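Descriptive structure summary
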Amino acid sequence: MSTSPAQQGRNPRLLQPTISMGWWLQRGTYFAFMMRELSCVFVAWFVLYLILLVRSVSRGEASYQHFLERSAAADIVLLNVISLAFVVYHTVTFFNAAPQAMVALVGTRVPGALIGASHYAAWVAVSAFVAWVLLGG
Amino acid sequence: MADRITLQVARYRPDAGPEQTFQEYEIPCRKEWSVLDGLNYIKDHVDGTLAYRWSCRMGICGSCGMNVNGEPKLTCGTFLSHCGSGPVRIEPLRNFPIIRDLIVDISDFMRKLVSVKPWVIRAIEKPLSEGEYRQTPQQHDEYKQFSMCINCMICYSACPVYALDPHFIGPAAIALAQRYNLDSRDEGNAERMDVLSQHEGIWDCTFVGECTKVCPKNVDPAGAIQRYKLSAALDTMTSFFMPRGGR
Ligand code: SF4
Ligand code: FES
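Residues numbered from 1 in each chain as written. Chains lettered and ligands numbered in written order. Predicted model: local features only at pLDDT ≥ 70, side-chain atom pairs only at ≥ 80, totals over all residues. Heavy atoms only, no water.

**So, the nonpolar core**
Residues and elements named next belong to chain B. Membership of the largest hydrophobic core comes to 71 residues, with the highest contact counts inside it found for Leu-7, Val-9, Leu-39, Leu-80, Ile-90 and Tyr-156. Top contributing element to this core by residue count: helix 6 (residues 171–181), with six residues. Counting contributing residues, this core receives three or more from each of domain 1 (4–104) and domain 2 (107–241). With sequence-adjacent residues up to four places away left out, Leu-80 is seen in contact with Ile-5, Leu-7, Ile-27, Cys-29, Trp-33, Ser-34, Val-35, Gly-38 and Val-88. (Core = buried A, V, L, I, M, F, W, Y, C linked by side-chain atoms within 4.5 Å. Buried < 20%, exposed > 50% of the residue type's maximum accessible area, 1.4 Å probe, protein only. Helix = DSSP H or I, 4+ residues; strand = E, 2+ residues; numbered from the N terminus. Domains from an automatic or database assignment. Contact = heavy atoms within 4.5 Å.)

**Topic: the pairing of strand 1 (residues 4–11) of chain B**
Residues and elements named next belong to chain B. Counting buried residues in strand 1 gives six out of eight residues, a clear majority hidden from the surface. Where strand 1 meets strand 5 (residues 88–91), three bridges bridge the pair, whose relative direction is parallel. From the neighbouring strand, Leu-7 faces strand 5, where its bridge partner is Val-88. (Pairing = 2+ DSSP bridges.)

**What to know about the side chain of B:Ser157**
Residues and elements named next belong to chain B. When you line up the elements, Ser-157 lands in helix 4 (residues 154–158). For Ser-157, a relative accessible area of 2% corresponds to the buried category. Ser-157 has contacts with Asn-67, Pro-72, Leu-93, Arg-94, Asn-95 and Phe-96, leaving out every residue within four places of it along the chain.

**Digging into the side chain of B:Asp204**
Residues and elements named next belong to chain B. Relative to the elements of secondary structure, Asp-204 occurs in the loop between helix 7 (189–196) and helix 8 (210–214). Of the side chains with opposite charge, Lys-112 lies nearest to the buried Asp-204, which makes no salt bridge, at 8.2 Å. Non-local contacts of Asp-204, meaning those with residues more than four positions away in its chain, are made with Val-161, Asp-165, Phe-168 and His-199. (Lys, Arg positive; Asp, Glu negative; His and termini not counted. Salt bridge = Lys/Arg side-chain N within 4 Å of Asp/Glu carboxyl O.)

**Considerations on the packing of aromatic side chains**
All names here are of chain A. Applying the stated rule across the entire model yields 16 aromatic pairs over all chains. Here the aromatic rings of Trp-23 and Tyr-30 are separated by 5.6 Å at their centres, their planes lie at 65°, and the arrangement is edge-to-face. Considered together, Trp-23 and Tyr-30 belong to a single accessibility category, that of buried residues. Taking the centre distance of 5.5 Å and the plane angle of 45° together, the rings of Trp-45 and Tyr-49 count as tilted. With Trp-45 and Tyr-49 both in helix 1 (residues 28–58), this residue pair falls four residues apart, about one helical turn. According to the relative accessible area criterion, Trp-45 is buried, its value standing at 18%. Through successive ring pairs, a cluster of aromatic residues spans Phe-94, Phe-95, Tyr-120 and Trp-123. (Phe/Tyr/Trp six-rings, centres within 6.5 Å; stacked < 30°, edge-to-face > 60°.)

**What about the domain arrangement of chain B?**
Residues and elements named next belong to chain B. As far as domains go, chain B holds domain 1 (4–104) and domain 2 (107–241). If you look at the interface, domain 1 gives 13 residues, while domain 2 gives 14 residues. Summed over both sides, the interface of domain 1 with domain 2 buries roughly 1,000 Å², with 62% coming from carbon and sulfur. Of all residues in domain 1, Pro-72, Asn-95 and Phe-96 bury the most surface against domain 2, accounting for 47% of the area lost on that side. Inspection of the domain 1/domain 2 interface yields zero salt bridges. The interface formed by domain 1 and domain 2 holds five residue pairs in polar contact (both at pLDDT 80 or more) in total. Those elements giving two or more residues to the side of domain 1 that touches domain 2 turn out to be strand 3 (65–68) and strand 4 (71–74). The greatest single-element share of the side of domain 1 that touches domain 2, amounting to three residues, is contributed by strand 4. A class-by-class count of the residues in the side of domain 1 that touches domain 2 yields six nonpolar, five polar and two charged. (Buried area = accessible area lost by both parts, 1.4 Å probe. Polar contact = N/O pair within 3.5 Å; in protein donor to acceptor, adjacent residues only side chain to side chain. Nonpolar A, V, L, I, M, F, W, Y, C, P; charged D, E, K, R; others polar.)

**Observations concerning the site of ligand 1**
With respect to spatial proximity, the complete set of residues near ligand 1 consists of B:Cys149, B:Ile150, B:Asn151, B:Cys152, B:Met153, B:Ile154, B:Cys155, B:Ala172, B:Cys215, B:Pro216, B:Val219 and B:Pro221. Each residue belonging to the shell around ligand 1 can be placed in one class, and the counts come to 11 nonpolar, one polar and no charged. (Near = heavy atom within 4 Å.)

**Observations concerning the confidence of the model for chain B**
Per-residue pLDDT for chain B has a mean of 93; in total, 98% of the residues score no lower than 70. Note on the complex model: pTM 0.88, ipTM 0.84. (pLDDT = per-residue confidence, 0-100.)

**Describing the environment of B:Lys144**
One can find B:Lys144 in helix 3 (residues 137–147). With 75 residues separating them along the chain, B:Lys144 and B:Val219 place their C-alpha atoms 9.0 Å apart.

Structure (structure tokens):
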């Protein structure tokens, strides 16, 4: 139970508000928010995964081969697929929120839709560059 | 549309017991009636003991906020005809202590509102003889959206952060601080920053965004808070890298 500081120890005739442990299951938007918070764990996992990849490369070919084999195991593939879904969700919710937090002025105020669209455009551009590097461009 | 509708109204009368109960009232359902009109019908014709707040009936005074079918709404702006065939469940705004029936205690909000100094602050007031402080339409547009707030507290009712941490200063108070910060006539940014840069100020907000969705006046308090965070972070960086140039 959570009581407002303004009312703590005050009037016993007031009915104090309560909040249940499952508050985040009571509304779709609260649930979506909690999933966005949870997505940070998967972002952290991808960072760790990248560090492990770099470390295996730095230790020589055998270590890198072992890393690839381990990465092809079902549990890691499953974890990475789930992580990818969460990271995409994280990105989309972040980009959608960007226009609310940013006010850009170029002469006049840049419309929010343009701020959002520029984030997606940058995402596509970076992804295309990474794809070009990976595919041996 | 049925010509009668049932309202399930939350009742809490401290003299009658410590629990909230629900009472059902069947009332006429007219096309042009808001939920508030329905409550007024009950008060005038069925049960004069029902307690709730209202005043303007036109979305201006901000006093008629309640939970209608689980959603925080201005009851004068919510039509019975939009509530299906009923029953319509009417409860007091969530996250506030209840005084009686549908009336909540707003003193916590009032205290927080004053703490952000929602008025124009000048370092030195110029004498009246020098005339008014002028503003261009563009300067007015900068803060206009945030000035539409009617202090209805619907955003507090929707905010899980306020529910979990009642010390959080909350969406409307921050939006109103931003309304004055963005006003070209105001010079109180630094004073407000002292209150708002505390943990219970802007940093408590985790950007659930629900306050903006439920606001009946399109104030976008969530946007105000995120913009405030951005300017607070820039402020800190400026004073870190340019101690003399920072405030
Ligand atoms: S920001 Fe919107 S919901 Fe919150 S008090 Fe102001 S008008 Fe009401
Ligand atoms: S009665 Fe004034 S806002 Fe509803």
